[in-house]
Structures are given as C-alpha cells and as structure tokens.
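Tertiary structure, described
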Amino acid sequence: MVSLIASTVDTAIIGKGLMIGGGFIGPGIGIGLIGGNYLAAVGRNPEAAKFLGQALVFVAIAELFGLLAFASIFIVK
Amino acid sequence: MRSLFADSSPAVHIAPGGVFHLGGLTITNSIFYGWICSVVLIITFIWVARKITVKPKGGFIQFVEVGADFITNLVVNAFDDKKKGRKYVPYFVTLFFFILFNNWLGLVPGVGEGVHVGSLPLLRPFTGDLNATLAIGLITMLVVYGSSIRESGSIRNYLRHFFVGNPLNPLYLIIGLLEMLTDLTRVFSLSLRLFLNIAIGEIVIAVFSYLGHVLAPATALPFTLLELFVGALQAYIFCVLSVNYLAIAVNHAHHDLTEEDVPETIGMEMETNG
C-alpha cells in the first residue's frame, strides 16, 4: 500500500510544499508582530516613527529563517 | 496544446556556472558580472568625486551624498567615542555602495535568466552567489576581529572579553566558548542573508516572468520593484549589523572586567572553594 502511494504520488512535491508552508509560518508571525508593535508604538508616541530602520533590521533577521526554508527545497529531489 | 498553467518549471539557477576560461581558470557568470559592476562603480564614483560641490545641485550626485551621509551618521553614532568611529567610516560607506550597486545592477533586464550561453546565463548578480557574499562577510568579520584585537591591545585581552569571570570556572568557560561560537556564525548569517535575499529575488522574478508568458514584463514588474526595495534594505542591514558587531567589540575594549566587577554570583563562591 505504501509503495503504491509512493509510486503514484510525487512525494518530493509534497515535501517541498510542506517545507515552504511550514517554514514561512514562523517569519510570517514574527514580521507581523514586529510591524504591529511598531505601529502600536507610533500610535502611542509619534516620535517613535524614526525607529523604522531598527524595526526593519529585526524584519530581516526574522526573514532569514523563511529564506533558509525556501533554499532547502532545492536539496529535495 | 499548450496548457494555461506551467507545464514545465522555469529555469532556475542557484549556483554559479563557469561560462568561459581565462588562462586555466574558470570564470563563472557571477564573478564576470561582479567585475563589470566593480568597473562601473569605480568609474561612477570617480566621476561623482570630481563633480561634487559644496552646494548640492541635485540628481545622482546628491543621491550618493545622502547615502554616504546616512552611513557616516550610522557608523559614528554606533561608537561611544565618535573620533574612533570616524576611522571606520570609509570601509562601511564602500561596503554599502558596493552591495547596493551589485543588488540593483543585478535587476537590469538581461542579467539573470536573460542572455544564455549554452544552458547557463551569461550574467548573474554578484550578490546572488554564495561565494561572493561569503567573501564579503568574511572580509567584514576579519575587519571586525582585527579592529577589536587592535583596540583591546593584545590577543589575550581580546579573548578575555568573551569570559565574564575567570575562564577556569566551568560555567564561565562554557558561556565564553558559546560567545566565541556566536561570533564565528556571524560570518555565515551575514552572507547567507544577503545571498538568499538576492538569489530568491531572482528566482521569484524568473518564475513570474515565466508564468506571465506574453505578459512577462507586466507580471515581473511588481516583483522587480519589490526587489529594488529589498536590495536597498539588505545593503542597509548588512551595514547596520556589521557596524554593531564592530561597535560592541570596540566599545567593550575599554573597560576591562576585573574580579571586583563581576556581580556576586556562584562564581565568587566557587573560586574561594577551589
């Protein structure tokens, strides 16, 4: 049964889909939190708007993990 | 009949390929385009340096001026001692413009999956190659290590910073070794971040121009504009992170921790016991 599924379904495609989907959840949540908290800070104190650069640094750090997941799909054959 | 959806995947190259040979050395497409970009960069900046005036006239020259000023402020403000910070400004301004121009020139039509030699693209963005970004990251971190050793006086003093207390204490030893490991992984995190952002940007543009078929310019345009933003952001982030790594090491070099500075933790007890 398992071999039948393995021969008819391309498991590499499923693996790649799971890697992309699972790998992008974390950075998505992280970037959302960073952006939301940045806007909350600006709403409370408009002077804080100048810290956009610092917020983007953390966006880049969170983004790296999603990109690592994206890069890993090339090793699945 | 040609399907409306992708019947075969678009050509995606994530590794550089050798396109021609020069005296026994294989020249890959990314280093070839890196040379072109470097020549363009040198010529442009010599021209800018000749044309620059005290009263800005606008245009491209002012763009360079704003960028250089931005990075200068960034570097100088990161250091406790502003005079010390000014020494490192030229390196980071060069780094910023080198990465920025390589990212942006990589988006020019024809670069990437445009012109092919055999099955390989003739030109690839220089920063879309792991070898290139690893070299940039390695040189940056060598500058950071070298400067921190010089600022702290000797290698012994430099290594001493990794340890909060006495290195013979097993807890401080493990924390210190972990700190050293963190310092070494910065080379990879810096270079991987830049490489993956640019390489994946290329792939996204290639995929969307493939899906667009005849309308390829229209479907690829939004992602090219996004990549313009990402390219500038990555150049900025590379600078911010490397400046901070340098500033932490250099600022730290001045107050050497003595045994009295260590807060009362288990370390003090263990030293008296053993």
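None of these values were measured; they are calculated from a predicted model.

So, on to the overall build of chain A. Along the backbone of chain A there are three helices and zero strands. Scanning chain A from its N terminus toward the C terminus, one meets helices and strands in the order α-α-α. Relative to the compact-globule value of 11 Å for 77 residues, chain A shows a C-alpha radius of gyration of 19 Å, a clear excess of over 25%. Projected onto the principal axes, the alpha-carbon positions of chain A cover approximately 65 × 20 × 10 Å. Out of the 77 residues in chain A, the part that is buried amounts to 5%.

Residues and elements named next belong to chain B. Relative to each other, helix 1 (residues 29-51) and helix 4 (residues 89-105) sit at 120°, their axes nearing to 10 Å. In terms of their interaxial angle, helix 1 and helix 4 are classed as oblique. At the point where helix 1 passes helix 4, the crossing takes the right-handed sense. Judged by residue contacts, Gly34, Cys37, Val40 and Leu41 of helix 1 engage Phe97, Phe98, Phe101, Asn102 and Leu105 from helix 4.

What follows covers the pairing of strand 1 (residues 18-22) of chain B. Residue and element names in this part refer to chain B. Pairing of strand 1 with strand 2 (residues 25-28), which is carried by four bridges, proceeds in the antiparallel orientation. The residue of strand 2 that forms the bridge with Phe20 is Ile27. In sequence, strand 1 turns back onto strand 2 through a hairpin of two residues, with Gly23 there showing a positive phi of about 55°.

Counting from both sides, the interface comprises ten residues of chain B and, opposite them, nine residues of chain A. When residues of the side of chain B that touches chain A are traced back to their parent elements, those giving at least two are helix 7 (170-212) and helix 8 (216-252) of chain B. Per-element accounting of the side of chain B that touches chain A gives the leading share, six residues, to helix 7 of chain B. Broken down by class, the residue content of the side of chain B that touches chain A amounts to seven nonpolar, two polar and one charged.

A separate point is the environment of Asp129 of chain B. All names here are of chain B. Relative to the helices and strands, Asp129 is located in the loop between strand 4 (120-121) and helix 5 (130-152). For the pair Asp129 and Phe163, spaced 34 residues apart in the sequence, the C-alpha separation amounts to 36 Å. Contacts of Asp129, omitting those with residues within four sequence positions, involve Pro16, Ser30 and Arg124.

If pLDDT is low for a region, its predicted coordinates should not be looked at in detail. Residue and element names in this part refer to chain B. The share of residues in chain B with pLDDT of 70 or more is 87%, and the mean pLDDT across the chain is 82. Model confidence for chain B, summarised as mean pLDDT per element, is weakest for helix 9 (residues 266-273) at 49 and strongest for helix 4 at 92. Confidence drops under a pLDDT of 50 for residues 1-7, and excluding neighbours within four residues, the segment shows two contacts in the predicted structure. Segment residues 266-274 is flagged for pLDDT under 50; beyond a separation of four residues in sequence, or across chains, it makes ten contacts in the model. Complex prediction metrics read pTM 0.81 and ipTM 0.71.

On average, residues of chain A score 86 in pLDDT, and 100% of them are at 70 or above. The spread of mean pLDDT over the elements of chain A runs between helix 1 (residues 2-8) of chain A, the lowest at 74, and helix 2 (residues 11-44) of chain A, the highest at 91.

Moving on to the nonpolar core. By size, the foremost hydrophobic cluster in this structure holds 46 residues, and its most contacted members are Phe92, Phe96, Phe238, Cys239 and Val243 of chain B. Every element with two or more residues in this core is listed here: helix 3 (52-72) of chain A together with helix 1, helix 2 (60-78), helix 4, helix 5, helix 7 and helix 8 of chain B. Here this core gets twelve residues from one element, more than from any other, and that element is helix 8 of chain B. In this structure Val243 of chain B touches Leu74, Val75, Ala78 and Phe92 of chain B, once residues within four positions along its chain are discounted.

Quick notes on the rules
Residues numbered from 1 in each chain as written. Chains lettered and ligands numbered in written order. Predicted model: local features only at pLDDT ≥ 70, side-chain atom pairs only at ≥ 80, totals over all residues. Helix = DSSP H or I, 4+ residues; strand = E, 2+ residues; numbered from the N terminus. Rg over C-alpha atoms; globule rule 2.2 N^0.38 Å. Buried ≥ 20, exposed ≤ 12 C-beta atoms within 10 Å, placed from the backbone. Axes fitted to C-alpha atoms, helices over the stretch in contact; angles between N-to-C directions. Parallel < 35°, antiparallel > 145°, perpendicular 65-115°, else oblique. Left-handed = near helix turned anticlockwise from the far one by under 90°. Contact = placed C-beta atoms within 7 Å. Pairing = 2+ DSSP bridges. Nonpolar A, V, L, I, M, F, W, Y, C, P; charged D, E, K, R; others polar. pLDDT = per-residue confidence, 0-100. Core = buried A, V, L, I, M, F, W, Y, C linked by C-beta atoms within 7 Å.

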